[in-house]
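Letter by letter, the chains look like this.
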Amino acid sequence: MTPFERVQTPVLNVAYEQSGPPDSIPVVLLHGFPYDPRCFDEVVPIINAAGSRTIVPYLRGYGATRFLSRDAIRSGEQAALGRDLLELLRALKLRKAVLAGFDWGGRAACVVSALWPEHVHGLVTCCGYQIQDIAASAKPADPEQEHRFWYQYYFHTERGRAGLAANRVELGRLLWKLWSPTWTFDDATYDRTAAVVR
(Lines give C-alpha, C1' and ligand atoms only; values in the text may rest on other atoms or scores of the structure.)
Protein backbone atom coordinates (compact mmCIF):
# COMPACT_ATOMS: atom_id res chain seq x y z
CA MET A 1 0.00 0.00 0.00
CA THR A 2 1.34 3.41 -0.99
CA PRO A 3 1.35 6.02 1.80
CA PHE A 4 -1.18 8.73 1.10
CA GLU A 5 -0.55 12.40 0.51
CA ARG A 6 -2.95 15.30 1.03
CA VAL A 7 -4.14 18.27 -0.98
CA GLN A 8 -6.70 20.90 -0.08
CA THR A 9 -9.58 21.89 -2.35
CA PRO A 10 -12.23 24.52 -1.56
CA VAL A 11 -14.40 21.91 0.21
CA LEU A 12 -12.17 18.96 1.09
CA ASN A 13 -8.80 17.95 2.43
CA VAL A 14 -8.28 15.05 0.02
CA ALA A 15 -6.15 12.05 0.89
CA TYR A 16 -4.71 10.38 -2.20
CA GLU A 17 -2.09 7.87 -3.24
CA GLN A 18 0.35 8.66 -6.02
CA SER A 19 2.91 6.56 -7.83
CA GLY A 20 4.64 6.19 -11.18
CA PRO A 21 6.71 8.58 -13.30
CA PRO A 22 5.88 12.12 -12.09
CA ASP A 23 6.18 13.77 -15.51
CA SER A 24 4.02 11.25 -17.38
CA ILE A 25 0.34 11.28 -18.29
CA PRO A 26 -1.61 11.16 -15.01
CA VAL A 27 -4.31 8.54 -14.61
CA VAL A 28 -6.81 9.33 -11.86
CA LEU A 29 -8.43 6.14 -10.55
CA LEU A 30 -11.76 6.73 -8.79
CA HIS A 31 -13.42 4.15 -6.55
CA GLY A 32 -17.09 3.70 -5.76
CA PHE A 33 -19.19 2.61 -2.79
CA PRO A 34 -18.33 0.65 -0.61
CA TYR A 35 -14.77 0.47 -1.90
CA ASP A 36 -11.66 2.62 -1.50
CA PRO A 37 -8.27 2.90 -3.22
CA ARG A 38 -7.48 -0.74 -2.30
CA CYS A 39 -9.67 -1.80 -5.24
CA PHE A 40 -6.92 -0.50 -7.55
CA ASP A 41 -3.97 -2.22 -5.84
CA GLU A 42 -3.51 -4.66 -8.72
CA VAL A 43 -4.19 -2.02 -11.40
CA VAL A 44 -1.74 0.67 -10.26
CA PRO A 45 1.45 -1.39 -10.95
CA ILE A 46 0.23 -2.19 -14.48
CA ILE A 47 -0.42 1.48 -15.28
CA ASN A 48 2.88 2.56 -13.71
CA ALA A 49 4.78 -0.13 -15.66
CA ALA A 50 3.19 1.22 -18.86
CA GLY A 51 4.79 4.58 -18.07
CA SER A 52 1.93 6.53 -16.52
CA ARG A 53 1.54 8.19 -13.15
CA THR A 54 -1.43 7.13 -11.00
CA ILE A 55 -3.39 9.24 -8.55
CA VAL A 56 -5.93 7.38 -6.43
CA PRO A 57 -7.98 9.64 -4.13
CA TYR A 58 -10.26 8.70 -1.29
CA LEU A 59 -13.59 10.20 -2.37
CA ARG A 60 -15.64 12.38 -0.03
CA GLY A 61 -16.76 10.37 3.00
CA TYR A 62 -13.98 7.80 2.64
CA GLY A 63 -10.74 7.10 4.47
CA ALA A 64 -8.69 10.12 5.48
CA THR A 65 -10.43 12.60 3.13
CA ARG A 66 -12.14 15.22 5.28
CA PHE A 67 -14.54 18.12 4.82
CA LEU A 68 -12.94 21.45 5.71
CA SER A 69 -16.11 22.75 7.38
CA ARG A 70 -18.42 20.99 9.79
CA ASP A 71 -21.23 22.87 8.03
CA ALA A 72 -20.44 21.51 4.55
CA ILE A 73 -23.32 19.59 2.99
CA ARG A 74 -22.56 15.87 2.97
CA SER A 75 -23.89 14.80 -0.41
CA GLY A 76 -23.13 12.01 -2.83
CA GLU A 77 -24.95 13.67 -5.70
CA GLN A 78 -23.28 13.66 -9.10
CA ALA A 79 -22.74 17.43 -9.12
CA ALA A 80 -20.80 17.26 -5.83
CA LEU A 81 -18.69 14.30 -6.96
CA GLY A 82 -17.91 15.92 -10.29
CA ARG A 83 -16.96 19.19 -8.63
CA ASP A 84 -14.75 17.35 -6.13
CA LEU A 85 -12.86 15.75 -9.01
CA LEU A 86 -12.51 19.02 -10.91
CA GLU A 87 -11.17 20.74 -7.78
CA LEU A 88 -8.75 17.86 -7.18
CA LEU A 89 -7.37 18.19 -10.72
CA ARG A 90 -6.95 21.93 -10.18
CA ALA A 91 -5.35 21.54 -6.73
CA LEU A 92 -2.84 19.04 -8.16
CA LYS A 93 -2.24 21.39 -11.12
CA LEU A 94 -3.14 18.68 -13.63
CA ARG A 95 -4.01 20.29 -16.95
CA LYS A 96 -5.27 16.99 -18.37
CA ALA A 97 -5.63 13.47 -17.02
CA VAL A 98 -7.07 10.12 -17.94
CA LEU A 99 -10.09 9.64 -15.68
CA ALA A 100 -11.03 6.08 -14.79
CA GLY A 101 -13.58 4.86 -12.30
CA PHE A 102 -16.69 2.94 -11.38
CA ASP A 103 -19.85 3.66 -9.42
CA TRP A 104 -19.41 7.07 -7.67
CA GLY A 105 -15.97 7.42 -9.23
CA GLY A 106 -17.26 6.61 -12.71
CA ARG A 107 -19.99 9.17 -12.32
CA ALA A 108 -17.50 11.85 -11.21
CA ALA A 109 -15.29 11.05 -14.21
CA CYS A 110 -18.24 11.30 -16.61
CA VAL A 111 -19.43 14.60 -15.14
CA VAL A 112 -15.99 16.18 -15.51
CA SER A 113 -15.63 14.75 -19.01
CA ALA A 114 -18.99 16.17 -20.08
CA LEU A 115 -18.71 19.59 -18.43
CA TRP A 116 -14.96 20.27 -18.46
CA PRO A 117 -13.56 18.18 -21.36
CA GLU A 118 -10.48 20.40 -21.57
CA HIS A 119 -9.21 18.59 -18.44
CA VAL A 120 -9.70 15.10 -19.87
CA HIS A 121 -7.07 13.18 -21.82
CA GLY A 122 -9.20 10.01 -21.79
CA LEU A 123 -12.17 8.43 -20.01
CA VAL A 124 -12.63 4.84 -18.79
CA THR A 125 -15.74 3.97 -16.82
CA CYS A 126 -17.49 0.85 -15.67
CA CYS A 127 -20.93 1.58 -14.34
CA GLY A 128 -24.58 0.99 -15.06
CA TYR A 129 -25.29 4.69 -14.65
CA GLN A 130 -22.88 7.31 -15.87
CA ILE A 131 -24.64 10.65 -15.59
CA GLN A 132 -28.07 10.37 -14.06
CA ASP A 133 -31.11 11.82 -15.78
CA ILE A 134 -32.52 13.45 -12.64
CA ALA A 135 -35.86 14.29 -14.29
CA ALA A 136 -36.41 10.62 -15.19
CA SER A 137 -35.01 9.19 -11.95
CA ALA A 138 -38.45 8.79 -10.34
CA LYS A 139 -39.58 6.45 -13.12
CA PRO A 140 -39.33 2.85 -11.89
CA ALA A 141 -37.02 0.41 -13.63
CA ASP A 142 -37.93 -3.21 -14.18
CA PRO A 143 -38.25 -5.27 -10.95
CA GLU A 144 -34.97 -7.13 -11.53
CA GLN A 145 -33.11 -3.81 -11.60
CA GLU A 146 -35.14 -2.23 -8.79
CA HIS A 147 -34.24 -4.93 -6.26
CA ARG A 148 -30.56 -4.04 -6.69
CA PHE A 149 -31.22 -0.63 -5.14
CA TRP A 150 -32.40 -1.96 -1.75
CA TYR A 151 -29.36 -0.58 0.08
CA GLN A 152 -30.10 2.98 -1.12
CA TYR A 153 -33.56 2.92 0.43
CA TYR A 154 -32.26 1.15 3.53
CA PHE A 155 -29.57 3.77 4.14
CA HIS A 156 -32.14 6.58 3.85
CA THR A 157 -33.97 5.32 6.95
CA GLU A 158 -33.03 5.69 10.60
CA ARG A 159 -32.88 1.89 10.81
CA GLY A 160 -30.50 1.81 7.84
CA ARG A 161 -28.25 4.48 9.30
CA ALA A 162 -28.14 2.56 12.59
CA GLY A 163 -27.50 -0.68 10.67
CA LEU A 164 -24.62 0.92 8.77
CA ALA A 165 -23.13 2.27 11.99
CA ALA A 166 -23.46 -1.12 13.73
CA ASN A 167 -22.58 -3.39 10.80
CA ARG A 168 -20.47 -1.30 8.40
CA VAL A 169 -17.87 -3.99 7.75
CA GLU A 170 -20.42 -6.79 7.32
CA LEU A 171 -22.61 -4.67 5.01
CA GLY A 172 -19.61 -3.80 2.86
CA ARG A 173 -18.66 -7.48 2.55
CA LEU A 174 -22.26 -8.38 1.59
CA LEU A 175 -22.33 -5.70 -1.11
CA TRP A 176 -18.97 -6.87 -2.51
CA LYS A 177 -20.39 -10.41 -2.77
CA LEU A 178 -23.67 -9.28 -4.34
CA TRP A 179 -22.07 -6.94 -6.86
CA SER A 180 -19.17 -9.20 -7.85
CA PRO A 181 -20.57 -12.72 -7.49
CA THR A 182 -17.74 -14.37 -9.44
CA TRP A 183 -14.94 -12.59 -7.55
CA THR A 184 -13.44 -14.88 -4.93
CA PHE A 185 -11.71 -12.29 -2.74
CA ASP A 186 -10.11 -13.47 0.47
CA ASP A 187 -10.35 -11.99 3.97
CA ALA A 188 -7.01 -10.19 3.60
CA THR A 189 -8.19 -8.42 0.43
CA TYR A 190 -11.42 -7.29 2.07
CA ASP A 191 -9.68 -6.36 5.32
CA ARG A 192 -7.41 -3.86 3.53
CA THR A 193 -10.51 -1.81 2.75
CA ALA A 194 -12.54 -2.68 5.84
CA ALA A 195 -9.68 -1.59 8.12
CA VAL A 196 -10.31 2.01 7.06
CA VAL A 197 -13.96 1.93 8.17
CA ARG A 198 -13.65 -0.03 11.43
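Our subject is the structure that appears above.
From N to C terminus, the protein includes seven helices and seven strands. Reading the protein from its N terminus to its C terminus gives the helix and strand order β-β-β-α-β-β-α-β-α-β-α-α-α-α. By the compact-globule yardstick of 16 Å for 198 residues, the protein fits well, its C-alpha radius of gyration being 17 Å. When the backbone C-alpha atoms are referred to their principal axes, the protein occupies close to 45 × 40 × 35 Å. Counting every position in the protein, which comprises 198 residues, the buried fraction comes to 44%. Contacts in the protein between residues far apart in sequence, at least 24 positions, make up 64% of those at least 6 positions apart. Accessible surface, the protein: about 11,300 Å² in total, of which carbon and sulfur atoms supply 57%. Across the protein, the 22 positively charged side chains and the 21 negatively charged ones have centroids separated by 4 Å.

A few words on unusual backbone geometry. With an omega of -5°, the peptide bond running from Phe33 to Pro34 counts as cis. Looking at the element boundaries, Pro34 is found in the loop between β3 (26-30) and α1 (44-49). One non-glycine residue with positive phi stands out, namely Lys93, at about 60°. The topology assignment puts Lys93 in the loop between α2 (78-91) and β6 (97-102). By relative accessible area, Lys93 is classed as exposed at 72%. The residue Asp103 is not glycine, and still its phi comes out positive at about 55°. Tracing the chain through its elements places Asp103 in the loop between β6 and α3 (104-115). By relative accessible area, Asp103 is classed as buried at 13%.

Here we come to the packing of aromatic side chains. One pair of aromatic rings is described through two measures. These are the centre distance and the angle between the planes. Summed over all chains, the structure comprises 18 aromatic pairs. Ring plane angle 45° and centroid distance 5.6 Å describe the contact between Tyr154 and Phe155, whose orientation is recorded as tilted. By relative accessible area, which is 25% here, Tyr154 ends up partly exposed. When the centroid spacing of 6.2 Å and the interplanar angle of 35° are considered together, the rings of Phe185 and Tyr190 count as tilted. Judged by its relative accessible area of 3%, Tyr190 is buried. Taken together, Tyr35, Phe40, Phe102, Trp176, Trp183, Phe185 and Tyr190 form an aromatic cluster joined through their ring pairs.

The rules behind the values
- Residues numbered from 1 in each chain as written.
- Predicted model: local features only at pLDDT ≥ 70, side-chain atom pairs only at ≥ 80, totals over all residues.
- Heavy atoms only, no water.
- Helix = DSSP H or I, 4+ residues; strand = E, 2+ residues; numbered from the N terminus.
- Rg over C-alpha atoms; globule rule 2.2 N^0.38 Å.
- Buried < 20%, exposed > 50% of the residue type's maximum accessible area, 1.4 Å probe, protein only.
- Contact = heavy atoms within 4.5 Å.
- Areas by Shrake-Rupley, 256 points an atom, 1.4 Å probe, with all protein chains shown as cover.
- Lys, Arg positive; Asp, Glu negative; His and termini not counted.
- Charge placed at Lys NZ, Arg CZ, Asp CG, Glu CD.
- Phe/Tyr/Trp six-rings, centres within 6.5 Å; stacked < 30°, edge-to-face > 60°.

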